[in-house]
Amino acid sequence: MRLFKVGPSPFVKKNNSVKILLEHMILVLLALCVVGAVFCGYRVLILLLISLVSAFVFEFLFNLVVLDKKGLDDDLSSIVTAIMFTLISGANTPLYMPVIAMFVAIIIVKMLFGGFAKNIFNPAGSGAVVSISLFGAVASTWLTAGISGKFAENPLNNIATGNFANFEIYDFLFGKAGTIVGAVCLIAVLAGGLYLIIMGVIDFKIPLMALLSFAAVAFLLNGFDFNIMLCYLIGSPVIFVSFFMLTDYTTSPNSFLGQLIYCLIFGISAYFLVKYNVLYSGSVLLALIFANAFTPLLDRVIRPRYFGEGVKYGQ
Amino acid sequence: MAFANIRGVFIRGSRKALRNAKIAEIKTSANFCVPLKYGMASESKPLVSVGENVKKGSVIASPIDNSSAFIYSPVCGNVVAVDKRINSNGQESIVIEIEPSTSKASLYFKPIEEQTKSNLFGRLVECGSVDTWGKRLPSYKKYLSANIRKAQTLIVKLYDSDGFVYSNCFIAKNYAKEVALGALLYLKISNCDEVVFTVFDEQDKIVSQLKNELLNIGADLTKIRFYRISRKYPLDEEHLLAKIITRKTVRIEHNVEDFGVFVESAQTCLNFYNAVYKNEPTISSFYTISGNTFKNAGVVDVLNGTKALDIFSEFKIKNKEKFSSFALGGAMAGIAQVSFEAELPISQTSLVSFEDKIYSELPCINCGKCTKVCPTRLEPMALDTYAEEKDFGRAKKCGAEACINCGLCSYVCPAKRNLAQRISDMKDNIIMGRTM
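Residues numbered from 1 in each chain as written. Chains lettered and ligands numbered in written order. Predicted model: local features only at pLDDT ≥ 70, side-chain atom pairs only at ≥ 80, totals over all residues. Heavy atoms only, no water.

Draft legend 1. Examining the domain arrangement of chain B more closely. Residues and elements named next belong to chain B. Assigned domains of chain B: these are domain 1 (1-28 + 106-357) and domain 2 (369-431). Placing a centre on the C-alpha atoms of domain 1 and another on those of domain 2 gives a separation of 27 Å. Taken together, the contact between domain 1 and domain 2 spans 14 residues of the former and 17 residues of the latter. When the buried surface of domain 1 facing domain 2 is broken down by residue, Arg7, Ile252 and Met332 rank first, second and third, together holding 43% of it. (Domains from an automatic or database assignment. Contact = heavy atoms within 4.5 Å. Buried area = accessible area lost by both parts, 1.4 Å probe.)

See below:
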């Protein structure tokens, strides 16, 4: 006799899963890596390899030593973290840097907080922030993309010194500017973001609100100068971060109001950190980490009014 | 206003096989097992004992209070057993097992002499009609005298919002006259100001047919409205329906009829019509047979207490390897059955079966998709955490009692968490006053 297998309703489920969502993300991030390698040279791929290997090694070691479990986790989150770190570092990054960043990202930020989807801060972002803070002396040189030309140095230095003369939007759109690997070609970043929005992986509201708040602050505090606002937008990696890192499910709030406050915190703090060049290209990441810290509070305090809340019986 | 629009999902392609569903005949071979308890209603009192001979339509159980119904024998035959069993709703109740005989004798009501309000209400009580949605209480319970004074709107659902169910729409399409007359009977006993027919599938056809029938009857068209429902699940829930049609917010814990809104479906209108004009008690309901394990989908007029194996002998399974189970009551909020012996009561409208798919639960990734679809604007993932921690106090504060068990949170969850199940279990515990 065949036994019945009985599960809870619903008996049909939507054709999506965490794995599919992460696969879409990995596809876009890998494509951005390839674009970065085309513009910044093969060194990007070496960085990617080191990040991936060190992420796997740290995950394996943590599982073995602390959790007493052999093998890697079957989710794809450490791959996303490793690729993300490659994209937010410059092409001239010393090759030992990914190892330090992945230690912070995988062990401290992800695994010690309880593993996949339990982290409060973005792992790749906090790994980068910690490594930039530790090696601040060399950071100003290694956070560039290794492109010869007028933006061989980080454009963030130009923003900090108020030198907006050299900025041309064309350079940033087609990979002529020395910024982080992911943001080297803004056309690719926008295309990747659009792909993720169409596939339903990310919500368009978070990047839109974040970019609008950042741009609004830059516009208001620079004498209503549209060009300076544009320089802030394209010169700092804020577009890349708001499309791919700010929208991370785990570290962003769920309610619309919460998302608005989160994006305002990000936009305003990112502007000031970029303006005073606190952490070179880590400035925007520091703003991201700062906004992430508010997410648990926002999720707890702001909740939707459920059906019939505040109504005594019915009205 | 507590909330502005109703959220939900539309399951694409789910009705493809059902659009042209034909009524199918089934041969009943097994004994009929009639349960004396449907859903949340209380149990009726059996009036027959083992060995007794019953006719088709003779009464076999009578109500004990305001929330139980008269129950009639679906066939001629002998009572084989009257004992406590687990019925297909998962509850323990008395089940009367009847062995069918070849006799065709039937016992129906006497015709109503005059269609006064009290006569019609009496007929509604004795016909044994049961709601096919929600708590599945007897149809007459809504129209008890205390509610009638506040009566304002009568809503008649001519659709099933579950994507794999088609019963009400099928009835509205093929029995337009009966549904129109039945709805007018409900209007008469409820004193409502207006009838609102809500349509969803094949809107134009059903609306034009129904309008024709209402004109032929000579009904007062000023009292009748048609409302097109947007293409979303779960819009058949009484409180949500009352909200979008009358703008009244009624808390989920309370009944909408206490606030002047009455909800009926095409099935209950047909039941009332049969009881008044044909003098037949309610002994059958229209079942939709669908799901991707069946070779063909269809609609069947199922007698009360028919066993599921009779359905499976008519509707063949496509791939026996992939068949795992079947469910009564729709794909989204139905109840999975454990054997082919399960009986089909008149309080359900569908039998669905889907291919075996095993999902493993992952930790919540906080994506917020469940919050976006919840029709009562709850936060399923927060409630899920409280359910796992058994923190019922905080869950109550977050509105766990407003959950309508629609199953949408589980449907959209990318981590495949069984949110709906845990939340509804917790809701039951809260309602029963259990605390951990």
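Draft legend 2. View of the packing of aromatic side chains. Counted by the stated rule, this structure contains 32 aromatic pairs over all chains. Their ring planes at 50° and their centres at 5.2 Å tell us that Phe240(A) and Phe244(A) sit as a pair that is tilted. Here the residue Phe240(A) and the residue Phe244(A) both occupy positions in helix H12 (residues 238-244), the gap between them amounting to four residues, near one helical turn. Each member of the pair Phe240(A) and Phe244(A) is classed as buried. Clustering of aromatic rings is evident, with ring pairs tying together Phe4(A), Phe294(B), Phe312(B), Phe315(B), Phe323(B), Phe326(B) and Phe340(B). (Phe/Tyr/Trp six-rings, centres within 6.5 Å; stacked < 30°, edge-to-face > 60°. Helix = DSSP H or I, 4+ residues; strand = E, 2+ residues; numbered from the N terminus. Buried < 20%, exposed > 50% of the residue type's maximum accessible area, 1.4 Å probe, protein only.)

Draft legend 3. Geometry of the interface of chain B and chain A. At the interface, 65 residues of chain B touch 41 residues of chain A. Summing both partners gives a buried area of about 4,500 Å² for chain B against chain A, and 59% of it is carried by carbon and sulfur. At the junction of chain B with chain A, the criterion picks out one salt bridge. A salt bridge links Asp203(A) to Lys372(B); the nearest nitrogen and oxygen atoms lie 3.7 Å apart. Run the count over chain B and chain A and you get 14 residue pairs in polar contact (both at pLDDT 80 or more). In terms of residue class, the side of chain B that touches chain A is built from 33 nonpolar, 18 polar and 14 charged. (Salt bridge = Lys/Arg side-chain N within 4 Å of Asp/Glu carboxyl O. Polar contact = N/O pair within 3.5 Å; in protein donor to acceptor, adjacent residues only side chain to side chain. Nonpolar A, V, L, I, M, F, W, Y, C, P; charged D, E, K, R; others polar.)

Draft legend 4. Layout of the sheet that holds strand S6 (residues 71-72) of chain B. Residues and elements named next belong to chain B. Spatially, S3-S5-S6 is the arrangement adopted by the three strands of the open sheet, whose pairing is antiparallel. Of all the strands in the sheet, the pair left with one neighbour each is strand S3 (45-46) and S6. Pairing analysis gives two bridges linking strand S5 (residues 59-62) to S6, with the strands arranged antiparallel. Looking at S6, one finds that Ala61 is bridged to Ile71. (Pairing = 2+ DSSP bridges.)

Draft legend 5. Fine view of the nonpolar core. Ranked by internal contacts, the top residues of the largest apolar core, which has 153 residues, are Ile88(A), Phe240(A), Phe244(A), Met245(A), Phe266(A) and Leu383(B). With 11 residues, helix H1 (residues 18-40) of chain A is the single largest residue contributor to this core. The residues that make up this core include at least three from each of domain 1 (1-28 + 106-357) and domain 2 (369-431) of chain B. Beyond its immediate stretch of four places on either side in the chain, Ile88(A) contacts Ala124(A), Gly125(A), Ala128(A), Ile180(A), Phe240(A), Met245(A) and Leu285(A). Residues Leu120(B), Leu124(B), Ala183(B) and Leu185(B) belong to the second largest nonpolar core, which totals 49 residues. (Core = buried A, V, L, I, M, F, W, Y, C linked by side-chain atoms within 4.5 Å.)

Draft legend 6. Broad picture of the pairing of S5(B). Sheet topology places S3(B) next to S5(B); two bridges connect them, and they run antiparallel. Following the sheet pairing, Lys45(B) is matched in S5(B) by Ser62(B).

Draft legend 7. Spotlight on a positive patch on the surface. Residue and element names in this part refer to chain B. Together, Lys27, Lys295, Lys316 and Lys320 line one region of the surface with positive charge. Tracing the backbone shows Lys320 in the loop between helix H8 (308-314) and strand S16 (327-328). For Lys320, a relative accessible area of 61% gives the class exposed. (Patch = residues over 30% accessible without salt bridge, like charges linked within 9 Å, V, L, I, M, F, W, Y side chains within 5 Å. Areas by Shrake-Rupley, 256 points an atom, 1.4 Å probe, with all protein chains shown as cover. Lys, Arg positive; Asp, Glu negative; His and termini not counted. Charge placed at Lys NZ, Arg CZ, Asp CG, Glu CD.)

Draft legend 8. Up close: the sheet that holds strand S19 (residues 350-352) of chain B. All names here are of chain B. Across the sheet, six strands lie side by side as S1-S14-S13-S19-S16-S17; this open sheet has mixed pairing. Taken across any chain shown, the strands that pair with only one partner, and hence form the sheet edges, are strand S1 (23-24) and strand S17 (335-336). Taken together, the two bridges between S16 and S17 define a ladder with antiparallel strand orientation. What sits directly across from Ala327, in S17, is Ala336.

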